[in-house]
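Survey of secondary and tertiary structure
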Amino acid sequence: MSSLSCSPSDLAHRLQAGEAALFPTDTLPALATKPESAELLWELKQRPRHKPVILMAATGQALLECLGQPIEPAWQHMADRYWPGALTLVLPARGTWLEQLNPGGSTLGLRLPACPAALELLTLSGPLATTSANRSGEPACLDHKEAAERFPQVAQLAPVPWPAPLGQGSTVIEWLPSGQWQLLRAGALLPPELGANA
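Structural notes, computed from the coordinates. Position labels on residues start from 1 in each chain and follow its written sequence. Totals for whole chains, interfaces and linings use all residues, but because this is a predicted model, local features are given only for residues with pLDDT of at least 70 and pairs of side-chain atoms are given and counted only at 80 or more. Only hydrogens and water are removed before side-chain values are computed, so all heavy atoms of the structure are retained for them.

**Considerations on the nonpolar core**
Worth spelling out the cut-off: In these notes, a set of buried Ala, Val, Leu, Ile, Met, Phe, Trp, Tyr and Cys residues joined through side-chain atoms within 4.5 Å is what counts as a nonpolar core. For the exposure calls, accessible area comes from a 1.4 Å probe over protein chains only, and a residue counts as buried if that area is under 20% of its type's maximum, exposed if over 50%, partly exposed in between. Any two residues whose heavy atoms approach within 4.5 Å are treated as being in contact.
Formed by 55 residues in total, the largest nonpolar core has its most connected members in Phe23, Leu31, Trp83, Leu91, Leu110 and Trp181. Beyond its immediate sequence surroundings of up to four residues, Leu91 is in contact with Leu64, Leu67, Trp75, Ser106, Thr107, Leu108, Leu110, Trp175 and Trp181.

This is the structure we're talking about:
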């Protein structure tokens, strides 16, 4: 284990320079880059390129503005009710953010983590492309030690140890053209709004 631990400001500078970073969230530790460096995430994870990564930001409004199109009231409702928290919203998007995080796709996954350390970093760094800290097909890392062992070359957020996460990924729901939510992955939170749609 040899990952360098950095203060939030130092890690934000590294991210701005195009490096990857590791930091805690409320669900599972995250591996992140600036959106324009997202290609590095697929390389580090050895992840198929057709699997998109998630955008995180310091506020819900900042996330929704990244969609590049008008915000539906139903999207705003879910963001207001469940963010920060363990819910990822997959929403129609267009523009550069979409091309960087979901090349060839038409939707963008957004999440606002309920983790003060993560939100402090995101405030300094701006929106980040994120994914769970593990190689594709392997179990997710649960703490800073496991993350450092998996990605020893990637700097991580200080101080360590990180707060204990929920240990389960976020729930992922997608907005369908029919005007309903569809459950893509059950996780740490299940909104009752899904109802029979789940």
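**Focus: helix H4 (residues 73–82)**
This is how it is decided: Note on conventions: DSSP H or I runs of at least 4 residues are helices, E runs of at least 2 residues are strands, and numbering of each starts at the N terminus. What the arc covers is the set of directions going from the helix axis to the C-beta atoms.
Restricting attention to buried positions, one finds in H4 the residues Trp75, Met78, Ala79 and Tyr82. The buried residues of H4 occupy an angular sector of 100° when projected down its axis, which confines them to one face. Residues of H4 that are exposed and point over 90 degrees away from its buried face: Pro73, Asp80 and Arg81. In this structure, the buried side of H4 is in contact with helix H3 (60–65), strand S5 (87–92), strand S9 (171–175) and strand S10 (181–185).

**Brief notes about the sheet that holds strand S2 (residues 21–23)**
Spelled out, the test is: Pairing between strands requires that DSSP locate at least two bridges from one strand to the other. Under this scheme, a helix contributes an axis fitted over its contacting stretch, all axes are lines through C-alpha atoms, and angles between N-to-C directions fall in the 0 to 180 degree range.
Within the open sheet, the ten strands sit side by side as S1-S8-S2-S3-S7-S4-S6-S5-S9-S10. Their pairing is mixed. What marks the edges here is a single partner per strand, and that holds for strand S1 (5–6) and S10. Taken together, the four bridges between S5 and S9 define a ladder with parallel strand orientation. The residue bridging Leu89 from the neighbouring strand is Ile173, located in S9. Contacts from helix H1 (residues 8–16) reach S1, S2, strand S3 (30–33), strand S7 (128–132) and strand S8 (155–157), with the element oriented near 140° to S8. This element, H4, spans S5, S9 and S10 of the sheet and lies at about 165° to S5.

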